[in-house]
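Topology and contacts: notes
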Amino acid sequence: HELDTRFGAPGDFAQAYVVAHEVGHHVQTVTGVSSRVHDLRNRAGSERESNALSVRMELQADCYAGVWGHYADRRGLLERGDAEEGLNAAAAIGDDRLQRQSQGRVAPESFTHGSSEERQRWLQRGLDSGRPGRPRVGDLQHHHDELQGGDAGRDLRVAGDGDILGSRNGAR
């Protein structure tokens, strides 16, 4: 109900997206991603760096939600317009939109869940592919560049397949 009334994102699939996103976090817990992100956030050199790691994990959970949607659609469980409901919900709960509504300004360095556009893009990626993905270096380069003050992508690597974690200087 709050998705509809507070965020203007009505529909059963909007609600299902949020639930599937949370299930994505459970998958991250079971696979060890959550604990690795927690450790990296504790070792982060700044709040900005810690927030960027959080964004990566949230975007992966959005992708997992899309993967669920992909297979629900293949089983004939989705109706016309369901994917749009989910994408609208992803946009409605993007950090940029929430900050603009609550503070009247946007501070990307404080994002912990990703922008509306990023959240939609990662949900759509899962819906389209049916495969869990990971925000790759190039997709999140702007976050990393802001954190490091320039062309820092050269020392950021992504770990194993399906893993979102990269770290400075190749450490995990």
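Residues numbered from 1 in each chain as written. Predicted model: local features only at pLDDT ≥ 70, side-chain atom pairs only at ≥ 80, totals over all residues. Heavy atoms only, no water.

Right, let's get into the overall build of the protein chain. A count of helical and extended segments in the protein chain gives eight helices and zero strands. Within the protein chain, the proportion of its 172 residues that are buried is 48%. By sequence separation, contacts in the protein chain at least 24 residues apart represent 66% of the contacts at least 6 residues apart. Carbon and sulfur atoms make up 47% of the accessible area of the protein chain, which totals about 9,000 Å². (Helix = DSSP H or I, 4+ residues; strand = E, 2+ residues; numbered from the N terminus. Buried < 20%, exposed > 50% of the residue type's maximum accessible area, 1.4 Å probe, protein only. Contact = heavy atoms within 4.5 Å. Areas by Shrake-Rupley, 256 points an atom, 1.4 Å probe, with all protein chains shown as cover.)

Any two packed helices are characterised by the angle at which their axes cross and by the distance between the axes. Across the interface, helix H2 (residues 12–31) lies against helix H4 (residues 47–74) with an axial gap of 7 Å and an inter-helix angle of 120°. Considering the angle they form, H2 stands oblique to H4. Both H2 and H4 take part in a crossing whose hand is right-handed. Contacts between H2 and H4 involve Phe13, Ala16, Tyr17, Ala20, His21, Gly24, His25, Val27 and Gln28 from the first element and Met57, Glu58, Gln60, Ala61, Asp62, Tyr64, Ala65, Trp68 and Gly69 from the second. Looking at side-chain class alone, the contact of H2 with H4 contains ten nonpolar, six polar and two charged residues. (Axes fitted to C-alpha atoms, helices over the stretch in contact; angles between N-to-C directions. Parallel < 35°, antiparallel > 145°, perpendicular 65-115°, else oblique. Left-handed = near helix turned anticlockwise from the far one by under 90°. Nonpolar A, V, L, I, M, F, W, Y, C, P; charged D, E, K, R; others polar.)

Take the confidence of the model for the protein chain next. Scored by pLDDT, the protein chain has a mean of 78; 71% of the residues are at 70 or more. Below pLDDT 50 for its whole length, residues 135–172 participates in 90 contacts with residues either more than four positions away or in separate chains. (pLDDT = per-residue confidence, 0-100.)

Okay, the nonpolar core next. Ranked by size, the top nonpolar core spans 13 residues in total, and within it Tyr17, Ala65 and Leu123 carry the most contacts. The set of elements that each furnish at least two residues to this core consists of H2, H4, helix H5 (82–92) and helix H7 (116–129). Among the elements that make up this core, the one with the highest residue count is H2 (four residues). In contact with leucine 123, other than residues within four places in its own chain, are Tyr17, Asp62, Cys63, Ala65, Gly66, Gly86, Leu87 and Ala90. (Core = buried A, V, L, I, M, F, W, Y, C linked by side-chain atoms within 4.5 Å.)

Let us now look at the packing of H5 against H7. Where H5 meets H7, the axes come as close as 7 Å, and the angle between the chain directions of the two elements is 150°. Put simply, H5 runs roughly antiparallel to H7. Where H5 crosses over H7, the two elements pack in a sense that is right-handed. Where H5 approaches H7, its residues Ala83, Gly86, Leu87, Asn88, Ala90 and Ala91 are matched on the opposing element by Ser116, Arg119, Gln120, Leu123, Gln124 and Leu127.

Here we come to the pattern of salt bridges. Under the defined criterion, the tally for this structure stands at two salt bridges. Two residues, arginine 119 and aspartate 62, come together in a salt bridge whose shortest N-O distance is 2.8 Å. Of this pair, arginine 119 sits in helix H7 while aspartate 62 sits in helix H4; the two residues are 57 residues apart in sequence, bridging distant segments of the chain. As far as the burial class goes, arginine 119 and aspartate 62 line up, both buried. Between arginine 121 and glutamate 117 there is a salt bridge whose closest N-O contact spans 2.8 Å. One end of the pair is arginine 121 and the other is glutamate 117, both in helix H7 and four residues apart, which spans about a single turn. (Salt bridge = Lys/Arg side-chain N within 4 Å of Asp/Glu carboxyl O.)

Quick look at the packing of aromatic side chains now. Applying the stated rule across the entire model yields one aromatic pair. Seen in terms of ring centroids, phenylalanine 13 and tryptophan 68 are 5.8 Å apart; in terms of plane orientation they differ by 15°. Their pairing is stacked. Highlighted residues: phenylalanine 13 in helix H2 and tryptophan 68 in helix H4, separated in sequence by 55 residues. Across from the ring centre of tryptophan 122, 4.0 Å away, lies the NZ or CZ of arginine 125, which sits over that ring. (Phe/Tyr/Trp six-rings, centres within 6.5 Å; stacked < 30°, edge-to-face > 60°. Lys NZ or Arg CZ within 6 Å of the ring centre and 35° of its normal.)

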